[in-house]
Amino acid sequence: MQKIVSLCKRRGFVFPGSEIYGGLTGTWDYGPLGSQLKKNLKDWWWEDMVSKRDNIVGVDAAIMMNPKAWEASGHLEAFCDPLVECKLCHLRFREDKPEEIKAHEKEHQKKDEIVEWTEAQKFNLLVKSYLGVVEGKQSEIFLRGEITNGVQVNFKNVLDSTRIKIPFGVAQMGKAFRNEITPGNFTFRSREFEQMEVQFYVKPDGEEAQKWFEYWKKDRMDWYIKLGINPEKLRFRDHADNERAHYAKAATDIEYYAPWGWDEFMGIHNRGDWDLSRHMKFSGQDMRYRDPETNEEYIPYDIETSAGVDRSLLFVLIDAYSEDGERTVLKLHPRLAPYKVAVFPLVANKPDLVEKARKVYQQLKEELFFVAWDDRGNIGKRYYSQDEISTPFCVTCDFQTLEDDTVTIRDRDTMRQERIKLAGLVKTLKEKIA
Ligand code: GAP
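Here the structure is a predicted model, which is why all the values come from computation and not from measurement.

1. Focus on the site of the ligand
Okay, step 1: Taken together, 23 residues lie near the ligand, and Glu146, Glu180, Glu197, Glu264 and Phe265 sit nearest.
Okay, step 2: Alone, the ligand offers 550 Å² of accessible surface; in the complex the protein occludes 94% of this.
Okay, step 3: Residue assignment for the shell around the ligand shows that the elements contributing at least two residues are strand 10 (192-202), strand 13 (261-272) and strand 16 (301-308).
Okay, step 4: In terms of residue count, the dominant contributor to the shell around the ligand is strand 13 (six residues).
Okay, step 5: Considered class by class, the residues forming the shell around the ligand number six nonpolar, eight polar and nine charged.

2. Topic: the packing of helix 11 (residues 351-366) against helix 14 (residues 425-433)
What describes two packed helices is the angle between their axes and the distance between those same axes.
Okay, step 1: At a closest axis distance of 11 Å, the pairing of helix 11 and helix 14 adopts a crossing angle of 50°. Between helix 11 and helix 14, the interaxial angle falls into the category oblique. Where helix 11 crosses over helix 14, the handedness of that crossing is right-handed. Seen from helix 11, the contacting residues are Val360, Gln363 and Leu364; seen from helix 14, they are Leu425, Val426 and Leu429.
Okay, step 2: Taken together, the residues of the contact of helix 11 with helix 14 sort by class into five nonpolar, one polar and no charged.

3. Description of the domain arrangement of the chain
In many reports, interface size means the accessible area that the parts give up when they come together.
Okay, step 1: Split by domain assignment, the chain resolves into domain 1 (2-79 + 125-320) and domain 2 (339-433).
Okay, step 2: For domain 1 versus domain 2, the separation of C-alpha centres amounts to 39 Å.
Okay, step 3: When domain 1 packs against domain 2, close to 580 Å² is buried across both sides, 50% of that on carbon and sulfur atoms.
Okay, step 4: The largest per-residue losses of area from domain 1 upon contact with domain 2 belong to Arg11, Leu33 and Gln36, which jointly make up 65% of the total buried on that side.

4. Section: the sheet that holds strand 16
Okay, step 1: If you walk across this open sheet you meet the seven strands as 3-9-10-16-13-12-11, and the pairing is mixed. The sheet terminates laterally at strand 3 (56-58) and strand 11 (234-238), the two strands that pair on one side only. Each adjacent strand pair in this sheet contributes to an overall mean axis angle of 25°, direction not counted.
Okay, step 2: Bridge count for strand 3 against strand 9 (residues 168-177) is three bridges, and the pairing is parallel. Its bridge partner being in strand 9, Gly58 is matched across the sheet by Ala171.
Okay, step 3: The strands touched by helix 2 (residues 32-51) are strand 3, strand 9, strand 10 and strand 16; relative to strand 9, the strand with the most contacts, the crossing angle is about 160°.
Okay, step 4: Against the sheet, helix 8 (residues 206-226) touches strand 3, strand 10, strand 11, strand 12 (250-258), strand 13 and strand 16, its axis set at about 150° to strand 13.

What counts and what doesn't
Along each chain, residue indices are assigned from 1 in the same order as the chain's sequence is written. Per-residue local features of the predicted model are confined to residues with pLDDT of at least 70, and side-chain atom pairs are confined, for both listing and counting, to 80 or more; whole-chain, interface and lining totals are unaffected and use all residues. Heavy atoms throughout the structure, all of them, feed into the side-chain values; hydrogens and water do not. Only a single heavy atom is needed: when it lies within 4 Å of a molecule or strand, its residue is near that molecule or strand. Residue burial considers only the protein chains on display, and all accessible areas are found by Shrake-Rupley using a 1.4 Å probe. Numbering of helices and strands runs from the N terminus; a helix is a DSSP stretch of H or I covering at least four residues, while a strand is a stretch of E covering at least two. Gly counts as polar in this scheme, as do all residues outside two lists: the nonpolar Ala, Val, Leu, Ile, Met, Phe, Trp, Tyr, Cys and Pro, and the charged Asp, Glu, Lys and Arg. Fitting a line to C-alpha atoms yields each axis, with helices limited to the stretch in contact; the angle taken between N-to-C directions then spans 0 to 180 degrees. Angles below 35 degrees are treated as roughly parallel, those above 145 as roughly antiparallel, those between 65 and 115 as roughly perpendicular, and all remaining angles as oblique. For a crossing to be left-handed, the near helix must be turned anticlockwise from the far one by less than a right angle; the clockwise case is right-handed. Every residue pair with non-hydrogen atoms within 4.5 Å of one another is taken to be in contact. What marks off one domain from the next here is an automatic or database domain assignment. Once two parts are brought into contact, the accessible area they lose, counted with a 1.4 Å probe and summed over both, makes up the buried area. A pair of strands counts as paired when DSSP detects no fewer than two bridges linking them.

If you want it as C-alpha coordinates, here you go:
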(Lines give C-alpha, C1' and ligand atoms only; values in the text may rest on other atoms or scores of the structure.)
Protein backbone atom coordinates (compact mmCIF):
# COMPACT_ATOMS: atom_id res chain seq x y z
CA MET A 1 0.00 0.00 0.00
CA GLN A 2 2.81 2.43 0.87
CA LYS A 3 4.31 1.95 -2.59
CA ILE A 4 0.96 2.57 -4.28
CA VAL A 5 0.20 5.63 -2.16
CA SER A 6 3.60 7.07 -2.97
CA LEU A 7 3.34 6.28 -6.69
CA CYS A 8 -0.11 7.93 -6.76
CA LYS A 9 1.33 11.10 -5.23
CA ARG A 10 4.59 11.16 -7.22
CA ARG A 11 3.02 10.59 -10.63
CA GLY A 12 -0.15 12.66 -10.15
CA PHE A 13 -2.88 10.09 -9.58
CA VAL A 14 -4.09 11.00 -6.07
CA PHE A 15 -3.04 13.75 -3.64
CA PRO A 16 -4.15 14.25 -0.02
CA GLY A 17 -7.04 16.78 0.06
CA SER A 18 -6.05 20.41 0.95
CA GLU A 19 -2.50 19.22 1.54
CA ILE A 20 -0.88 22.66 1.87
CA TYR A 21 -3.08 23.31 4.94
CA GLY A 22 -2.19 20.02 6.61
CA GLY A 23 -4.95 18.09 4.82
CA LEU A 24 -8.54 17.27 5.76
CA THR A 25 -9.03 13.72 6.99
CA GLY A 26 -10.94 11.49 4.61
CA THR A 27 -10.65 13.72 1.53
CA TRP A 28 -8.54 13.14 -1.58
CA ASP A 29 -7.82 15.10 -4.76
CA TYR A 30 -7.30 13.36 -8.09
CA GLY A 31 -4.37 14.71 -10.11
CA PRO A 32 -3.83 14.88 -13.88
CA LEU A 33 -3.48 11.11 -14.33
CA GLY A 34 -5.93 10.11 -11.61
CA SER A 35 -8.73 12.29 -12.95
CA GLN A 36 -8.26 10.79 -16.44
CA LEU A 37 -8.22 7.25 -15.03
CA LYS A 38 -11.37 8.01 -13.05
CA LYS A 39 -13.06 9.39 -16.17
CA ASN A 40 -12.10 6.28 -18.15
CA LEU A 41 -13.54 4.02 -15.44
CA LYS A 42 -16.80 6.00 -15.21
CA ASP A 43 -17.15 6.20 -19.01
CA TRP A 44 -16.75 2.42 -19.26
CA TRP A 45 -19.31 1.89 -16.52
CA TRP A 46 -21.81 4.26 -18.19
CA GLU A 47 -21.27 2.59 -21.55
CA ASP A 48 -21.74 -0.88 -20.00
CA MET A 49 -24.75 0.05 -17.87
CA VAL A 50 -26.61 2.65 -19.94
CA SER A 51 -25.46 3.11 -23.55
CA LYS A 52 -25.38 -0.58 -24.39
CA ARG A 53 -28.70 -1.50 -22.75
CA ASP A 54 -32.26 -0.75 -23.81
CA ASN A 55 -33.74 -1.07 -20.35
CA ILE A 56 -31.59 1.38 -18.34
CA VAL A 57 -31.70 5.19 -18.51
CA GLY A 58 -29.60 7.76 -16.69
CA VAL A 59 -30.26 10.71 -14.38
CA ASP A 60 -28.06 13.27 -12.65
CA ALA A 61 -29.94 14.49 -9.58
CA ALA A 62 -29.03 17.32 -7.19
CA ILE A 63 -26.79 16.59 -4.22
CA MET A 64 -28.82 18.89 -1.96
CA MET A 65 -32.38 17.71 -1.39
CA ASN A 66 -35.40 18.74 0.58
CA PRO A 67 -34.64 17.36 4.09
CA LYS A 68 -38.00 15.53 4.05
CA ALA A 69 -36.49 13.16 1.48
CA TRP A 70 -33.96 12.02 4.09
CA GLU A 71 -36.62 11.60 6.72
CA ALA A 72 -38.67 9.51 4.30
CA SER A 73 -35.78 7.30 3.24
CA GLY A 74 -35.01 6.52 6.87
CA HIS A 75 -31.53 8.05 6.78
CA LEU A 76 -32.16 10.59 9.54
CA GLU A 77 -33.03 7.80 11.90
CA ALA A 78 -31.08 4.79 10.75
CA PHE A 79 -28.07 5.75 8.60
CA CYS A 80 -25.80 5.08 11.55
CA ASP A 81 -22.68 3.19 12.57
CA PRO A 82 -22.06 1.94 16.13
CA LEU A 83 -19.49 4.25 17.71
CA VAL A 84 -17.30 3.34 20.70
CA GLU A 85 -14.71 5.52 22.39
CA CYS A 86 -11.43 4.43 23.95
CA LYS A 87 -11.58 5.64 27.56
CA LEU A 88 -7.78 6.03 27.64
CA CYS A 89 -7.16 8.30 24.66
CA HIS A 90 -10.71 9.23 23.58
CA LEU A 91 -10.20 8.11 20.01
CA ARG A 92 -13.42 6.86 18.40
CA PHE A 93 -13.89 3.62 16.48
CA ARG A 94 -16.58 1.50 14.83
CA GLU A 95 -17.65 -1.35 17.06
CA ASP A 96 -18.48 -3.42 13.95
CA LYS A 97 -14.86 -3.33 12.72
CA PRO A 98 -13.20 -5.79 15.16
CA GLU A 99 -9.86 -5.73 13.35
CA GLU A 100 -9.61 -1.94 13.89
CA ILE A 101 -10.63 -2.30 17.54
CA LYS A 102 -7.99 -5.02 18.07
CA ALA A 103 -5.27 -2.95 16.35
CA HIS A 104 -6.02 -0.05 18.72
CA GLU A 105 -5.98 -2.33 21.77
CA LYS A 106 -2.58 -3.66 20.66
CA GLU A 107 -1.17 -0.12 20.48
CA HIS A 108 -2.09 0.39 24.14
CA GLN A 109 -0.86 -3.08 25.12
CA LYS A 110 2.61 -2.06 23.93
CA LYS A 111 2.52 0.56 26.71
CA ASP A 112 1.13 -2.01 29.23
CA GLU A 113 -2.28 -0.34 29.10
CA ILE A 114 -5.59 -2.15 28.85
CA VAL A 115 -8.31 -0.40 26.87
CA GLU A 116 -11.79 0.07 28.24
CA TRP A 117 -14.48 1.04 25.75
CA THR A 118 -17.60 3.15 26.21
CA GLU A 119 -20.98 1.59 25.42
CA ALA A 120 -21.70 1.64 21.68
CA GLN A 121 -23.89 4.53 20.55
CA LYS A 122 -25.57 5.08 17.18
CA PHE A 123 -23.65 7.70 15.20
CA ASN A 124 -25.46 9.24 12.21
CA LEU A 125 -23.23 9.52 9.14
CA LEU A 126 -25.11 12.25 7.27
CA VAL A 127 -23.11 15.45 6.79
CA LYS A 128 -25.14 18.54 7.73
CA SER A 129 -25.04 21.89 6.06
CA TYR A 130 -27.14 25.06 6.03
CA LEU A 131 -28.94 26.95 3.27
CA GLY A 132 -30.48 30.40 3.30
CA VAL A 133 -29.36 34.01 3.08
CA VAL A 134 -30.76 35.37 6.35
CA GLU A 135 -28.52 34.80 9.38
CA GLY A 136 -30.37 32.75 12.01
CA LYS A 137 -33.07 31.65 9.54
CA GLN A 138 -31.01 29.21 7.59
CA SER A 139 -32.46 25.78 7.12
CA GLU A 140 -30.60 22.62 7.91
CA ILE A 141 -29.92 20.36 4.94
CA PHE A 142 -27.92 17.16 4.46
CA LEU A 143 -25.37 16.27 1.84
CA ARG A 144 -26.44 12.97 0.32
CA GLY A 145 -25.05 9.98 2.18
CA GLU A 146 -25.76 7.75 -0.80
CA ILE A 147 -26.76 8.87 -4.29
CA THR A 148 -29.87 6.67 -4.36
CA ASN A 149 -32.49 9.11 -3.09
CA GLY A 150 -32.26 11.43 -6.13
CA VAL A 151 -33.25 8.47 -8.32
CA GLN A 152 -36.11 7.33 -6.11
CA VAL A 153 -37.77 10.76 -5.91
CA ASN A 154 -37.65 10.97 -9.73
CA PHE A 155 -39.26 7.58 -10.32
CA LYS A 156 -42.47 9.11 -11.69
CA ASN A 157 -40.62 11.77 -13.71
CA VAL A 158 -38.59 9.08 -15.46
CA LEU A 159 -41.69 7.01 -16.15
CA ASP A 160 -43.63 10.00 -17.48
CA SER A 161 -40.81 11.27 -19.69
CA THR A 162 -39.72 7.97 -21.26
CA ARG A 163 -41.44 4.89 -22.63
CA ILE A 164 -39.58 2.55 -20.35
CA LYS A 165 -41.41 -0.46 -18.86
CA ILE A 166 -40.75 -2.71 -15.92
CA PRO A 167 -38.25 -4.34 -15.55
CA PHE A 168 -36.07 -1.26 -16.04
CA GLY A 169 -33.22 0.55 -14.37
CA VAL A 170 -32.16 4.10 -13.60
CA ALA A 171 -28.44 4.76 -13.46
CA GLN A 172 -26.60 7.56 -11.75
CA MET A 173 -23.05 8.48 -10.76
CA GLY A 174 -21.99 11.22 -8.41
CA LYS A 175 -20.59 12.36 -5.12
CA ALA A 176 -21.74 11.11 -1.74
CA PHE A 177 -20.66 12.30 1.70
CA ARG A 178 -20.43 10.42 4.98
CA ASN A 179 -19.12 11.52 8.32
CA GLU A 180 -17.16 8.25 8.61
CA ILE A 181 -15.95 7.54 12.13
CA THR A 182 -12.66 6.07 10.92
CA PRO A 183 -11.76 7.04 7.37
CA GLY A 184 -8.74 5.04 6.26
CA ASN A 185 -6.82 2.72 3.97
CA PHE A 186 -6.06 5.57 1.55
CA THR A 187 -9.19 6.30 -0.53
CA PHE A 188 -10.95 3.09 0.56
CA ARG A 189 -13.04 4.74 3.27
CA SER A 190 -13.32 8.48 2.65
CA ARG A 191 -15.70 11.15 3.83
CA GLU A 192 -16.31 12.44 0.30
CA PHE A 193 -16.44 9.85 -2.48
CA GLU A 194 -18.23 8.96 -5.70
CA GLN A 195 -20.73 6.20 -6.35
CA MET A 196 -22.05 4.54 -9.54
CA GLU A 197 -25.45 2.96 -9.05
CA VAL A 198 -28.35 1.39 -10.88
CA GLN A 199 -31.76 1.12 -9.23
CA PHE A 200 -33.42 -1.70 -11.16
CA TYR A 201 -37.19 -1.84 -10.72
CA VAL A 202 -38.94 -5.21 -10.98
CA LYS A 203 -42.36 -6.69 -10.22
CA PRO A 204 -42.94 -6.94 -6.45
CA ASP A 205 -42.66 -10.67 -6.41
CA GLY A 206 -40.10 -12.58 -4.32
CA GLU A 207 -39.07 -14.96 -7.10
CA GLU A 208 -38.78 -12.22 -9.71
CA ALA A 209 -36.70 -10.09 -7.33
CA GLN A 210 -34.41 -13.05 -6.56
CA LYS A 211 -33.96 -13.76 -10.27
CA TRP A 212 -32.77 -10.20 -10.91
CA PHE A 213 -30.67 -10.18 -7.74
CA GLU A 214 -28.74 -13.18 -9.07
CA TYR A 215 -28.58 -11.62 -12.54
CA TRP A 216 -26.94 -8.43 -11.21
CA LYS A 217 -24.54 -10.36 -8.98
CA LYS A 218 -23.18 -12.21 -12.01
CA ASP A 219 -23.29 -9.18 -14.28
CA ARG A 220 -21.24 -7.03 -11.92
CA MET A 221 -18.72 -9.77 -11.14
CA ASP A 222 -18.24 -10.30 -14.89
CA TRP A 223 -17.66 -6.58 -15.39
CA TYR A 224 -14.89 -6.41 -12.81
CA ILE A 225 -13.23 -9.38 -14.47
CA LYS A 226 -13.58 -7.58 -17.81
CA LEU A 227 -11.72 -4.63 -16.29
CA GLY A 228 -8.80 -7.00 -15.91
CA ILE A 229 -9.02 -7.71 -12.17
CA ASN A 230 -7.63 -11.08 -11.09
CA PRO A 231 -10.76 -13.28 -10.55
CA GLU A 232 -9.00 -15.13 -7.71
CA LYS A 233 -9.02 -11.90 -5.73
CA LEU A 234 -12.79 -11.43 -6.10
CA ARG A 235 -15.56 -13.15 -4.18
CA PHE A 236 -19.18 -12.71 -3.08
CA ARG A 237 -20.11 -12.28 0.57
CA ASP A 238 -23.71 -12.30 1.74
CA HIS A 239 -24.60 -9.88 4.52
CA ALA A 240 -25.74 -11.36 7.83
CA ASP A 241 -29.15 -10.20 9.08
CA ASN A 242 -27.59 -7.85 11.66
CA GLU A 243 -25.31 -6.00 9.21
CA ARG A 244 -27.82 -5.15 6.50
CA ALA A 245 -28.65 -1.49 5.91
CA HIS A 246 -32.09 -0.37 7.08
CA TYR A 247 -33.48 -0.43 3.51
CA ALA A 248 -32.22 -3.87 2.45
CA LYS A 249 -34.16 -7.15 2.41
CA ALA A 250 -31.04 -8.95 1.13
CA ALA A 251 -27.49 -7.81 0.41
CA THR A 252 -24.38 -9.32 -1.11
CA ASP A 253 -21.01 -7.64 -1.44
CA ILE A 254 -18.42 -8.27 -4.07
CA GLU A 255 -15.18 -8.30 -2.12
CA TYR A 256 -11.56 -7.86 -3.20
CA TYR A 257 -8.53 -9.35 -1.49
CA ALA A 258 -6.89 -6.05 -0.49
CA PRO A 259 -3.46 -5.76 1.17
CA TRP A 260 -5.32 -5.62 4.52
CA GLY A 261 -7.54 -8.63 3.75
CA TRP A 262 -10.91 -9.26 2.05
CA ASP A 263 -12.96 -6.07 1.95
CA GLU A 264 -16.02 -4.62 0.25
CA PHE A 265 -15.74 -3.55 -3.38
CA MET A 266 -19.43 -2.94 -4.09
CA GLY A 267 -22.88 -4.06 -3.00
CA ILE A 268 -25.95 -5.62 -4.60
CA HIS A 269 -29.07 -4.98 -2.54
CA ASN A 270 -32.69 -5.99 -2.71
CA ARG A 271 -34.26 -2.78 -1.38
CA GLY A 272 -37.78 -4.19 -1.84
CA ASP A 273 -40.38 -1.41 -2.02
CA TRP A 274 -38.79 0.47 0.90
CA ASP A 275 -37.83 3.69 -0.88
CA LEU A 276 -40.83 4.22 -3.15
CA SER A 277 -43.41 3.32 -0.52
CA ARG A 278 -41.80 5.62 2.05
CA HIS A 279 -41.62 8.50 -0.48
CA MET A 280 -45.27 7.85 -1.35
CA LYS A 281 -46.18 8.06 2.33
CA PHE A 282 -44.10 11.14 3.17
CA SER A 283 -44.76 13.16 -0.01
CA GLY A 284 -48.38 12.17 -0.53
CA GLN A 285 -47.57 11.57 -4.21
CA ASP A 286 -48.61 8.38 -5.95
CA MET A 287 -45.43 6.42 -6.67
CA ARG A 288 -47.15 3.35 -8.10
CA TYR A 289 -46.38 1.86 -11.47
CA ARG A 290 -49.26 1.01 -13.79
CA ASP A 291 -48.64 -2.02 -15.98
CA PRO A 292 -49.60 -0.85 -19.50
CA GLU A 293 -50.84 -4.31 -20.52
CA THR A 294 -52.76 -5.47 -17.44
CA ASN A 295 -53.49 -2.06 -15.84
CA GLU A 296 -52.30 -3.60 -12.58
CA GLU A 297 -50.89 -0.97 -10.18
CA TYR A 298 -48.07 -1.69 -7.77
CA ILE A 299 -44.96 -0.33 -6.10
CA PRO A 300 -42.07 -2.21 -7.69
CA TYR A 301 -39.15 -3.79 -5.87
CA ASP A 302 -35.75 -2.24 -6.40
CA ILE A 303 -32.65 -4.36 -7.01
CA GLU A 304 -29.71 -2.02 -6.56
CA THR A 305 -26.11 -2.32 -7.66
CA SER A 306 -23.96 0.23 -5.88
CA ALA A 307 -20.24 0.66 -6.46
CA GLY A 308 -17.77 3.21 -5.18
CA VAL A 309 -15.79 4.90 -7.96
CA ASP A 310 -12.84 5.64 -5.68
CA ARG A 311 -12.83 2.16 -4.21
CA SER A 312 -13.03 0.55 -7.65
CA LEU A 313 -10.16 2.74 -8.76
CA LEU A 314 -8.08 1.85 -5.71
CA PHE A 315 -8.60 -1.89 -6.20
CA VAL A 316 -7.90 -1.60 -9.93
CA LEU A 317 -4.61 0.15 -9.09
CA ILE A 318 -3.64 -2.38 -6.42
CA ASP A 319 -4.43 -5.24 -8.77
CA ALA A 320 -2.44 -3.67 -11.64
CA TYR A 321 0.66 -2.85 -9.59
CA SER A 322 3.63 -5.08 -10.23
CA GLU A 323 7.37 -5.01 -9.85
CA ASP A 324 9.28 -6.72 -12.57
CA GLY A 325 13.07 -6.60 -12.09
CA GLU A 326 14.08 -2.94 -12.23
CA ARG A 327 10.76 -1.64 -13.39
CA THR A 328 7.48 -0.87 -11.72
CA VAL A 329 4.53 -1.52 -14.02
CA LEU A 330 0.89 -0.61 -13.68
CA LYS A 331 -0.74 -3.26 -15.85
CA LEU A 332 -4.08 -1.47 -16.25
CA HIS A 333 -6.44 -2.50 -19.02
CA PRO A 334 -5.58 -0.24 -22.01
CA ARG A 335 -9.08 1.26 -21.85
CA LEU A 336 -8.41 2.43 -18.31
CA ALA A 337 -4.84 3.64 -18.79
CA PRO A 338 -4.70 7.48 -18.67
CA TYR A 339 -2.37 7.71 -21.69
CA LYS A 340 -2.93 5.18 -24.45
CA VAL A 341 0.36 5.84 -26.15
CA ALA A 342 3.62 7.77 -25.71
CA VAL A 343 5.66 9.14 -28.58
CA PHE A 344 9.45 9.60 -28.41
CA PRO A 345 12.09 10.88 -30.79
CA LEU A 346 15.07 8.55 -30.23
CA VAL A 347 17.30 11.57 -29.56
CA ALA A 348 16.37 15.16 -28.78
CA ASN A 349 19.22 16.90 -30.60
CA LYS A 350 18.25 16.00 -34.18
CA PRO A 351 15.72 18.65 -35.29
CA ASP A 352 14.41 16.69 -38.29
CA LEU A 353 13.82 13.61 -36.09
CA VAL A 354 12.09 15.66 -33.39
CA GLU A 355 9.92 17.32 -36.03
CA LYS A 356 8.93 13.93 -37.47
CA ALA A 357 8.06 12.59 -34.02
CA ARG A 358 6.04 15.74 -33.25
CA LYS A 359 3.98 15.11 -36.39
CA VAL A 360 3.27 11.54 -35.28
CA TYR A 361 2.30 12.86 -31.84
CA GLN A 362 -0.10 15.42 -33.34
CA GLN A 363 -1.63 12.87 -35.70
CA LEU A 364 -2.32 10.45 -32.83
CA LYS A 365 -3.83 13.21 -30.70
CA GLU A 366 -6.19 14.07 -33.55
CA GLU A 367 -7.28 10.42 -33.66
CA LEU A 368 -8.60 10.90 -30.09
CA PHE A 369 -5.79 9.09 -28.35
CA PHE A 370 -4.47 10.49 -25.10
CA VAL A 371 -0.81 10.78 -26.01
CA ALA A 372 2.26 11.48 -23.88
CA TRP A 373 5.40 13.11 -25.29
CA ASP A 374 8.85 12.54 -23.85
CA ASP A 375 12.24 13.50 -25.27
CA ARG A 376 14.31 13.53 -22.08
CA GLY A 377 17.06 11.14 -21.03
CA ASN A 378 17.73 7.71 -22.46
CA ILE A 379 15.05 5.66 -24.15
CA GLY A 380 15.13 2.87 -21.53
CA LYS A 381 14.30 5.33 -18.75
CA ARG A 382 11.50 6.80 -20.84
CA TYR A 383 9.96 3.33 -21.28
CA TYR A 384 10.17 2.67 -17.52
CA SER A 385 8.63 6.03 -16.76
CA GLN A 386 5.64 5.19 -19.00
CA ASP A 387 5.37 1.67 -17.51
CA GLU A 388 4.92 3.20 -14.08
CA ILE A 389 1.90 5.22 -15.23
CA SER A 390 0.51 2.33 -17.27
CA THR A 391 0.92 3.68 -20.83
CA PRO A 392 0.34 0.48 -22.85
CA PHE A 393 2.27 1.45 -25.99
CA CYS A 394 5.34 3.57 -26.75
CA VAL A 395 6.05 4.67 -30.30
CA THR A 396 9.64 5.63 -31.10
CA CYS A 397 10.80 7.55 -34.16
CA ASP A 398 14.43 6.70 -34.91
CA PHE A 399 16.88 7.30 -37.74
CA GLN A 400 15.24 4.60 -39.84
CA THR A 401 11.94 6.51 -39.57
CA LEU A 402 13.48 9.33 -41.59
CA GLU A 403 14.45 6.86 -44.32
CA ASP A 404 11.46 4.53 -44.66
CA ASP A 405 8.55 6.00 -42.63
CA THR A 406 8.49 3.15 -40.11
CA VAL A 407 8.35 3.42 -36.30
CA THR A 408 8.72 0.94 -33.45
CA ILE A 409 5.83 0.12 -31.10
CA ARG A 410 6.85 -1.21 -27.71
CA ASP A 411 4.34 -3.18 -25.62
CA ARG A 412 4.22 -2.36 -21.89
CA ASP A 413 3.50 -5.89 -20.69
CA THR A 414 5.73 -7.98 -22.94
CA MET A 415 8.36 -5.23 -23.53
CA ARG A 416 8.52 -6.53 -27.11
CA GLN A 417 9.00 -4.09 -29.97
CA GLU A 418 7.72 -4.35 -33.49
CA ARG A 419 8.48 -2.13 -36.44
CA ILE A 420 5.53 -1.01 -38.50
CA LYS A 421 4.76 1.40 -41.33
CA LEU A 422 3.60 4.83 -40.13
CA ALA A 423 0.65 4.56 -42.50
CA GLY A 424 -0.73 1.65 -40.45
CA LEU A 425 0.03 3.09 -36.99
CA VAL A 426 -3.41 4.43 -36.09
CA LYS A 427 -5.18 1.24 -37.18
CA THR A 428 -2.72 -0.98 -35.29
CA LEU A 429 -3.02 1.08 -32.11
CA LYS A 430 -6.82 1.13 -32.27
CA GLU A 431 -6.90 -2.65 -32.60
CA LYS A 432 -4.48 -3.16 -29.75
CA ILE A 433 -6.35 -0.80 -27.40
CA ALA A 434 -9.74 -2.33 -28.19
N1 GAP B 1 -26.93 2.97 -2.18
C2 GAP B 1 -26.39 1.89 -1.48
C3 GAP B 1 -25.18 2.22 -0.79
O4 GAP B 1 -24.76 3.35 -0.72
P5 GAP B 1 -23.23 1.14 0.55
O6 GAP B 1 -22.88 -0.30 0.72
O7 GAP B 1 -23.33 1.99 1.77
O8 GAP B 1 -24.59 1.13 -0.26
C9 GAP B 1 -22.05 1.30 -1.73
O10 GAP B 1 -22.20 1.80 -0.45
C11 GAP B 1 -20.60 1.40 -2.19
O12 GAP B 1 -20.14 2.75 -2.06
C13 GAP B 1 -19.62 0.58 -1.34
O14 GAP B 1 -19.60 -0.77 -1.74
C15 GAP B 1 -18.33 1.28 -1.65
O16 GAP B 1 -17.81 0.87 -2.89
C17 GAP B 1 -18.76 2.73 -1.74
N18 GAP B 1 -18.55 3.42 -0.45
C19 GAP B 1 -19.37 3.43 0.61
N20 GAP B 1 -18.86 4.16 1.60
C21 GAP B 1 -17.68 4.62 1.15
C22 GAP B 1 -16.66 5.45 1.71
N23 GAP B 1 -16.77 5.96 2.94
N24 GAP B 1 -15.55 5.73 0.98
C25 GAP B 1 -15.43 5.23 -0.28
N26 GAP B 1 -16.36 4.45 -0.86
C27 GAP B 1 -17.47 4.14 -0.16
